[in-house]
Amino acid sequence: MKKILLCLLFIAGTAGVLFAQSSGKVKKPLVVFVTGDHEYSSEETMPLIAAALEKDYGMKTIVLKASPDYNSEENIPGLEVLQQADLAVFYLRWRKLPADQLAHIEAYLKSGKPVMGFRTTTHAFHFPEGHASEKWNAFGEFALNAPPGWGGVAKHTHYGHESSTDVSIIPAQANNPILTGVAKNFHVRSWLYRVLPDYPVKGSTWLLMGKAVNPDKEAIENPVAWTGTNSFGGKIFMTTMGHPEDFRQEPFQRLVINAVHDELGLKVPRKWKGKIDIRVPYRVAK
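Predicted model only: the values in this text are computed from it and were never measured. (Residues numbered from 1 in each chain as written. Predicted model: local features only at pLDDT ≥ 70, side-chain atom pairs only at ≥ 80, totals over all residues. Heavy atoms only, no water.)

**Comments concerning unusual backbone geometry**
Then comes step 1: For the bond from Ser67 to Pro68, the omega torsion is 10°, close enough to zero to count as cis.
Then comes step 2: Here the bond from Tyr199 into Pro200 is cis, since omega is 0°, no more than 30 degrees from zero.
Then comes step 3: Positionally, Pro200 belongs in the loop between strand 8 (193-194) and strand 9 (205-213).
Then comes step 4: One non-glycine residue, Ser41, lies in the positive phi region at around 55°. (Helix = DSSP H or I, 4+ residues; strand = E, 2+ residues; numbered from the N terminus.)

Here it is in structure tokens:
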């Protein structure tokens, strides 16, 4: 009789646990997008990516924008929400944020959580020499394994606004989960960024190579997407692509959605939910 009673109690306890698990809500990962650039319309492309992540992939997202508009270099309200983020995605260009806003970004980086960046985020900040926040000019390097700002010692440059880029998967990475469903070869409007020879930093994994089409100077192939671990121990994904027309391309969309999943430690979806309708204009840089 005692054994029967113990067995019934065990069954009841197990049922209770299963009921609690089935009735409890699974926490959705929070992806926070931080935007502010002068030319690539990130304040329009990132919300469309965010909407797809919510609608099709069960995530929660918040998109932060420069205020009062994209040309405002000194204010991105709401950065305190980074303390709740599971992934921070940056698309910035030459910002000069105040110390209290930078502190929220720094706290996130120091947490060792994953970081993702697009194109001009290699030169996210542009403080004058001698400024108290000048170290932030090297954000690309310490946060995303990219060159530490435009030009400079790294000679970070591109191959002309009239050029574009042929992109190909690096054969050794053909089975990388981030490249699931991504075409072996595709073309983007982005003019190729030169990051070699010193970047991405040693230890990064190159995923895609770019070859300049119609360059304005002698060009070499350069990596256009890579992963790795940043100086804070956080997992990173960085791409130097990101022209608004790039976001119209299904291979690029898949790359972005896959990378978000991988950054969060989630299984990359094998089933594509369908092409995202993204039609955003390019602006001539300020």
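From this point, the discussion proceeds with the structure in view.
**A closer look at the packing of helix 2 (residues 42-57) against helix 5 (residues 250-263)**
Then comes step 1: Where helix 2 contacts helix 5, the two axes come as close as 11 Å, and the packing angle between them is 65°. As the angle between them shows, helix 2 and helix 5 are arranged roughly perpendicular. For the element pair helix 2 and helix 5, the recorded crossing hand is right-handed. Contact residues: Ile49, Leu53 and Tyr57 in helix 2; Val256, Ile257, Val260 and His261 in helix 5.
Then comes step 2: Here the residues of the contact of helix 2 with helix 5 sort into six nonpolar, one polar and no charged. (Axes fitted to C-alpha atoms, helices over the stretch in contact; angles between N-to-C directions. Parallel < 35°, antiparallel > 145°, perpendicular 65-115°, else oblique. Left-handed = near helix turned anticlockwise from the far one by under 90°. Contact = heavy atoms within 4.5 Å. Nonpolar A, V, L, I, M, F, W, Y, C, P; charged D, E, K, R; others polar.)

**A look at the packing of aromatic side chains**
Then comes step 1: Within the structure shown, the criterion is met by 17 aromatic pairs.
Then comes step 2: Measuring from ring centre to ring centre gives 6.3 Å for Tyr40 and Tyr91, while their planes differ by 35°; the resulting arrangement is tilted. One end of the pair, Tyr40, is in the loop between strand 1 (30-36) and helix 2; the other, Tyr91, is in strand 3 (residues 87-92), and 51 residues separate them in sequence. Taken as a pair, Tyr40 and Tyr91 share a single burial class, namely buried.
Then comes step 3: Their ring planes at 85° and their centres at 6.1 Å tell us that Phe142 and Phe232 sit as a pair that is edge-to-face. Of this pair, Phe142 sits in helix 4 (residues 139-144) while Phe232 sits in the loop between strand 10 (222-229) and strand 11 (235-239), placing them 90 residues apart in sequence.
Then comes step 4: The exposure class assigned to Phe232 is partly exposed, which follows from its relative accessible area of 28%.
Then comes step 5: Among the aromatic residues, ring-to-ring pairing joins Tyr40, Tyr91, Phe118, Trp191, Phe247, Phe252 and Tyr282 into one connected group.
Then comes step 6: Taking NZ or CZ as reference, Arg283 lies 3.4 Å from the ring centre of Tyr70, over its face. (Phe/Tyr/Trp six-rings, centres within 6.5 Å; stacked < 30°, edge-to-face > 60°. Buried < 20%, exposed > 50% of the residue type's maximum accessible area, 1.4 Å probe, protein only. Lys NZ or Arg CZ within 6 Å of the ring centre and 35° of its normal.)

**Quick look at the sheet that holds strand 3**
Then comes step 1: Taken in spatial order, the nine strands make up an open sheet running 2-1-3-4-11-10-9-6-7, and their pairing is mixed. The strands lining the two open edges of the sheet, one partner per strand, are strand 2 (60-64) and strand 7 (185-188). The mean inter-strand angle of the sheet, taken between neighbouring strand axes irrespective of direction, is 20°.
Then comes step 2: Relative to strand 11, strand 4 (residues 115-118) is paired through four bridges, and the arrangement is parallel. What sits directly across from Phe118, in strand 11, is Thr239.
Then comes step 3: Lying on the sheet, helix 2 is in contact with strand 1, strand 2, strand 3 and strand 4; it crosses strand 1 at an angle near 170°. (Pairing = 2+ DSSP bridges.)

**Observations regarding the side chain of Thr165**
Then comes step 1: The topology assignment puts Thr165 in strand 6 (residues 164-169).
Then comes step 2: For Thr165, a relative accessible area of 2% corresponds to the buried category.

**Some details on the side chain of His243**
Then comes step 1: Structurally, His243 is set in the loop between strand 11 and helix 5.
Then comes step 2: Residue His243 is classed as buried on the basis of its relative accessible area, which comes to 2%.
Then comes step 3: Not counting residues up to four positions away in its chain, the partners in contact with His243 are Tyr40, Tyr91, Arg119, Arg189, Ser190, Trp191 and Tyr282.

**Notes on the pattern of salt bridges**
Then comes step 1: The tally for this structure, following the rule as stated, stands at eleven salt bridges.
Then comes step 2: Put simply, Asp56 and Lys55 hold a salt bridge, and the shortest N to O gap is 3.2 Å.
Then comes step 3: Look at Asp56 and you get partly exposed, because its relative accessible area is 23%.
Then comes step 4: In this structure, Lys110 and Glu106 form a salt bridge, with 3.6 Å as the shortest nitrogen-oxygen distance. Remark: Glu106 and Lys110 occur in helix 3 (residues 99-110); sequence separation between them is four residues, near one turn of the helix.
Then comes step 5: For Lys110, a relative accessible area of 56% translates into the label exposed.
Then comes step 6: Beyond isolated ion pairs, a larger network of salt bridges with shared partners links Glu43, Glu44 and Arg283. (Salt bridge = Lys/Arg side-chain N within 4 Å of Asp/Glu carboxyl O.)

**Concerning the pairing of strand 3**
Then comes step 1: With six of six residues buried, strand 3 is to be regarded as a mostly interior element.
Then comes step 2: Of the two faces of strand 3, the one carrying Leu87, Val89 and Tyr91 and the one carrying Ala88, Phe90 and Leu92 are both buried.
Then comes step 3: Where strand 3 meets strand 4, three bridges bridge the pair, whose relative direction is parallel. Note on strand 4: the bridge partner recorded for Phe90 is Gly117.
Then comes step 4: You can see the chain leave strand 3, run along helix 3 and come back into strand 4, and the turn it takes is right-handed. (Right-handed = clockwise from strand over helix to strand, strands pointing away.)

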